[in-house]
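Close look at the chain arrangement
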Amino acid sequence: MKTLEKERRRLALLFKKESAKIGAESGAYFLAGLLLAKSLVPGIGSPFAISLICISRRNNYLPAALGAAIGYMIFCPADFPRYAAAVVLALICVIISQLADARNDAALPMLTGFLTLLATGLAVNIKTAAAFSEYILTLAESILGAGAAFFFFTAMSSTRRRLRFKALPASDLVCIVISASLLLMSLSGITIGKASPARIAVLLAILICARFGSDRIALMLALSLGFAFGLAQDGALFLVGSYGFSTLLAVLFSSFGAACLSAAFVLSSALFTIAAGAHVCFFAEAFAAAALLLLIPPRLCDRLESFFHDEAGITPDGSLRQSLVLRLRFAAGAMNYISESVNDVRERINDINAKSTAPAYEALNEEERITREIINEKTNEIRMVAADQFFSIADMLSDLAKELDEAEHFDSIAAGRLRRLLGEYEIYPKNISVIEDKYGRMRLEILAEANETGFTNPKLQKEISKACGRYFAKCSISHYQRETMISFSERPNYYLETGFAQHSAEGALCGDTVKIINDSRGHHILIISDGMGKGGRAALDGAMGAGLLSRLLSAGFGFDCALKVVNSALLVKSNDESLATLDCASVDMFTGRVDLYKAGAPATYIIKGGRVSKCELTSMPAGILRGIEFAKRTAVLSHGDYIILVSDGITDCGTDWLSALPDLNEELSAQELADDILEKALELASEKKRMI
């Protein structure tokens, strides 16, 4: 009973919400029909309310027809009988098309609007024995009605999901703007003195788009609204040129700020008003809109900026990046499936071998049995490692997909600003990518001609930083055969000084390998890999572990999937046991945060303010078992702090002495500190040998 009562309440609430939505939509159609009936084109008529009825569907055609009928009765009483007949004819045609389930495209509403207006207009012309010019005006009104039906239909077909300034097709955007312009025509007749508040509001919207939004939206608004308001009033068609050209000048001066943009718009409007011999009210309207733009408070300016630009980075459906992400995810899923299949096959083969070789196994002597078990165990291990490799590849593909899909944002607006800036320096690059990574840091990649040398200009580099709102380090330039790649990375807050010292216990080769890499995203990664044993064998394992890990991290893969690959490689490297410890510290040069990753490595020491703290994590080295993972910990460094990574050769003589490192009250370089630690470790090892 409780479940039924809960479901009944849910359905009642859903019905209430749906009813409210239908009521609001019907009210909007009624109001639109009323306003469009007032949208009169001097000398032609008012066809737009009929067009609205023709594109209405289901619950909306009755409110639209009622609003249109009332509007024609109030605003066009002389022509009310003709328009009332057109309303009835349009309503009948729409109902018939709904009952017949006609195809939902723009052709039928356009044809309905055209024929309805033409039939009623011709009937009136014939009855009144009108002149030939009246027939031409009737045809013009019918064409206007068909065109309005197309614009209304396309505008209403654009779903809310597509209403994004970046992703909305230009054709749909034009139809939406023109439809709104036809609705606003009726309001232009409401004036205070000679000035129209509706035109002032429209001009303010155009200036806001030019200042904060999109150039194309501002120009579309200007041309569409200028045409609509020009039709609504005799002698006002000059508004098309006035609004359009004035907006074009405003867009050109938008980079110099709101004051220059407003001044250019007002001066151009004054020129058109004087040239057309129009009333001074048109200039006054432009001046009032420009003044209102300058009075917008800073907080509202920020909101307007975010409103227009929040969707700027949306990648349109079907883009190359989305396609690539999709393919990578499918590939990762395929690799996981292959790995699971390999595991299933391995288990079945083991079962089959155990059953088929059981009789023969009993006939073997002890030595042969041991040999057979070793072979089976090694073969089984190789199959398991192969399955792990497929899992590792799947993880790597997933990392790449996540990096492309979520981690990076391509700022097309900043790229556009850079292209305009470079054009002022007569630099015309082939491609500009402004990329913001998952940490909020920006980098620029500019592809130019091979002989381009303009980027060495220090002034240009400062202008590039200003255009992007970031501080960039000096650019790096890579030359290819016929192209040059210029890269700018955001300047970090900290600088990392590194130093390392090594000593070989046996022979010329040291078992420890050190790697220092920069991931080009503001992270410096320190790696120490210590191979098992001493001498050449240890050096080989350490170099292999550090080399593979550094290459994978440099390529953008995560620490976890990189460790799986390194572990698998060490497992199958040779028949003998092969292992290596991995000790990593990833230092964020913007925040000072350091992430420690350990696989069998000894403790790390952090020196802050002259005090030494020890970070010890329990973990397994790579190359022993399948499925090992990094042990992880995070710390935060500040200016003047040290982080010390050591191998087990340093800790063989204990670790207490590391907590009492050389006097750090004196400022030491990183290399000096590394040399001091190695020297102290060698002294302790020598004393230990003498005691033995």
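Summary of the structure given here. As the structure is a prediction and not an experimental result, all values here were calculated from the model.

**So, the overall build of the protein chain**
- A tally of helices and strands in the protein chain yields 22 helices and 13 strands.
- Burial analysis of the protein chain (692 residues in total) assigns 41% to the buried set.
- Total accessible area on the protein chain is roughly 37800 Å²; 60% of this is exposed by carbon and sulfur atoms.

**Considerations on the sheet that holds strand S10 (residues 604–608)**
- Taken in spatial order, the three strands of this open sheet run S11-S10-S13, and their pairing is antiparallel. Each end of this open sheet is capped by a strand with a single partner; those strands are strand S11 (611–615) and strand S13 (642–644). Mean inter-strand twist for the sheet, computed between neighbouring axes without regard to direction, equals 20°.
- Where S10 meets S13, three bridges bridge the pair, whose relative direction is antiparallel. Residue pairing for S13: Ile606 is matched across the bridge by Ile643.

**A word on a nonpolar patch on the surface**
- There is a patch of nonpolar side chains on the surface, built from Phe245, Leu248, Leu252, Phe253 and Phe256 and spanning about 510 Å² of accessible area.
- Residue placement: Leu248 occurs in helix H10 (residues 238–252).
- Judged by relative accessible area, Leu248 falls into the partly exposed class, the value being 38%.

**Let's talk about the pairing of S11**
- Both S10 and S11 contribute to a ladder of five bridges, which runs antiparallel. From the neighbouring strand, Thr604 faces S11, where its bridge partner is Cys615.
- Hairpin connection of S10 to S11: two residues between the antiparallel strands, including Gly609 at a positive phi of 60°.

**Here we look at the nonpolar core**
- Counting 36 residues, the largest nonpolar core has Leu203, Ile206, Leu207, Ile208, Leu221, Leu239 and Leu293 as its most contacted members.
- When contributions to this core are tallied by element, the ones reaching two or more residues are helix H7 (170–185), helix H8 (197–212), helix H9 (215–232), H10, helix H11 (258–276), helix H12 (281–294) and helix H13 (298–309).
- The element contributing the most residues to this core is H8, with nine residues.
- Ignoring sequence-local partners within four residues, the contact set of Leu221 consists of Val177, Ala205, Ile206, Cys209 and Gly226.
- Within the second largest apolar cluster, 35 residues are counted, among which are Ala64, Ala90, Ala106 and Leu182.

**Observations regarding a negative patch on the surface**
- There is a patch of like negative charges on the surface, built from Glu497, Glu672, Asp675, Glu679, Glu683 and Glu687.
- Secondary-structure assignment places Glu687 in helix H22 (residues 670–691).

**Details of the pattern of salt bridges**
- Tallied over the full model, the rule gives ten salt bridges.
- A salt bridge links Glu141 to Arg82; its shortest N-O distance comes to 3.0 Å. In this pair, Glu141 is assigned in helix H6 (residues 132–157) and Arg82 in helix H4 (residues 80–99), connecting sequence segments 59 residues apart. One exposure class covers both Glu141 and Arg82, and it is buried.
- Between Lys598 and Asp583 there is a salt bridge, with the nearest N and O atoms lying 2.7 Å from each other. Here the residue Lys598 occupies a position in strand S9 (residues 593–599), and Asp583 occupies one in strand S8 (residues 580–588), the gap between them amounting to 15 residues.

**What about the side chain of Thr120?**
- Structurally, the position occupied by Thr120 is in helix H5 (residues 107–127).
- There is a polar contact of 3.2 Å between the side chain of Thr120 and the backbone oxygen of Leu117.
- Not counting residues within four places of it along the chain, the set of residues in contact with Thr120 comprises Arg82, Ala85, Ala86 and Leu89.

**Some details on the packing of aromatic side chains**
- According to the stated counting rule, one finds ten aromatic pairs in the structure shown.
- Ring geometry for Tyr72 against Tyr83: centres 4.4 Å apart, planes inclined by 5°, an arrangement best described as stacked. With Tyr72 in helix H3 (residues 61–75) and Tyr83 in helix H4, the pair connects residues that are eleven residues apart, well separated along the chain. Tyr83 matches Tyr72 in its accessibility class, with the two residues each being buried.
- Geometrically, the ring pair formed by Phe238 and Phe282 is edge-to-face, given 5.3 Å between the ring centres and 85° between the ring planes.

**Notes on the sheet that holds S8**
- If you trace the five strands from one edge of the open sheet to the other, you get S6-S7-S8-S9-S12, paired in antiparallel fashion. One side of each edge strand has no neighbouring strand; the edge strands of this open sheet are strand S6 (512–518) and strand S12 (631–636). Sheet twist, expressed as the mean angle between neighbouring strand axes with direction ignored, is 15°.
- Docked against the sheet, helix H20 (residues 559–571) engages strand S7 (523–531), S8, S9 and S12, running at close to 160° with respect to S8.

**A closer look at H5**
- For H5, with 21 residues, the first-to-last C-alpha span of 30 Å sits near the 30 Å given by 1.5 Å per residue.
- Burial in H5 covers these residues: Pro109, Thr112, Gly113, Thr116, Leu117, Leu118, Thr120, Gly121 and Asn125.
- Looking at the buried residues of H5, the elements they touch are helix H2 (48–55), H4 and H6.

**So, the environment of Leu239**
- Summarising the element assignment, Leu239 is placed in helix H10.
- Setting aside its immediate chain neighbours within four residues, Leu239 contacts Arg199, Gly226, Phe229, Gly230, Gly244 and Phe282.

**Regarding H9**
- For H9, which comprises 18 residues, the first-to-last C-alpha distance of 26 Å matches the rise-based estimate of 26 Å (1.5 Å per residue) to within 8%.
- Along H9, the residues that are buried comprise Ile217, Ala218, Met220, Leu221, Ala222, Ser224, Leu225, Gly226, Ala228, Phe229, Gly230 and Leu231.

**Focus: the packing of H8 against H11**
- Following both chains from N to C, one finds H8 and H11 inclined at 135°, their axes separated by 11 Å at the closest point. The orientation of H8 with respect to H11, classified from their angle, is oblique. Where H8 crosses over H11, the two elements pack in a sense that is right-handed. Seen from H8, the contacting residues are Leu203, Leu207, Ala210 and Arg211; seen from H11, they are Ala258, Leu261 and Phe265.

**Digging into empty space enclosed by the protein**
- Across all of its chains, the model carries two cavities of 30 Å³ or more by this definition.
- Within this model, the largest cavity holds a volume of roughly 50 Å³.
- Lining the largest cavity, in full, are Leu203, Phe238, Leu239, Ser242, Tyr243, Phe265, Ser269, Phe282, Glu285 and Ala286.
- Mapped onto the lining of the largest cavity, the elements with two or more residues apiece are H10, H11 and H12.
- Per-element tally for the lining of the largest cavity: the top contributor is H10, with four residues.
- Split into classes, the residues belonging to the lining of the largest cavity amount to seven nonpolar, two polar and one charged.
- Considering the residues around the second largest cavity, the lining is formed by Cys54, Arg57, Cys93, Val94, Ser97, Leu108, Pro109 and Thr112.
- At the level of secondary structure, the elements contributing two or more residues to the lining of the second largest cavity comprise H4 and H5.

The rules we used
Residues numbered from 1 in each chain as written. Predicted model: local features only at pLDDT ≥ 70, side-chain atom pairs only at ≥ 80, totals over all residues. Heavy atoms only, no water. Helix = DSSP H or I, 4+ residues; strand = E, 2+ residues; numbered from the N terminus. Buried < 20%, exposed > 50% of the residue type's maximum accessible area, 1.4 Å probe, protein only. Areas by Shrake-Rupley, 256 points an atom, 1.4 Å probe, with all protein chains shown as cover. Pairing = 2+ DSSP bridges. Axes fitted to C-alpha atoms, helices over the stretch in contact; angles between N-to-C directions. Patch = residues over 30% accessible without salt bridge, like charges linked within 9 Å, V, L, I, M, F, W, Y side chains within 5 Å. Salt bridge = Lys/Arg side-chain N within 4 Å of Asp/Glu carboxyl O. Core = buried A, V, L, I, M, F, W, Y, C linked by side-chain atoms within 4.5 Å. Contact = heavy atoms within 4.5 Å. Lys, Arg positive; Asp, Glu negative; His and termini not counted. Charge placed at Lys NZ, Arg CZ, Asp CG, Glu CD. Polar contact = N/O pair within 3.5 Å; in protein donor to acceptor, adjacent residues only side chain to side chain. Phe/Tyr/Trp six-rings, centres within 6.5 Å; stacked < 30°, edge-to-face > 60°. Expected span 1.5 Å × (residues − 1). Parallel < 35°, antiparallel > 145°, perpendicular 65-115°, else oblique. Left-handed = near helix turned anticlockwise from the far one by under 90°. 1 Å grid on protein atoms, 1.4 Å probe; cavity = no way out; pocket = protein on both sides within 12 Å on 5 of 7 lines; lining within 4 Å. Points joined across faces, edges and corners; volume = space filled by probe spheres on them. Nonpolar A, V, L, I, M, F, W, Y, C, P; charged D, E, K, R; others polar.

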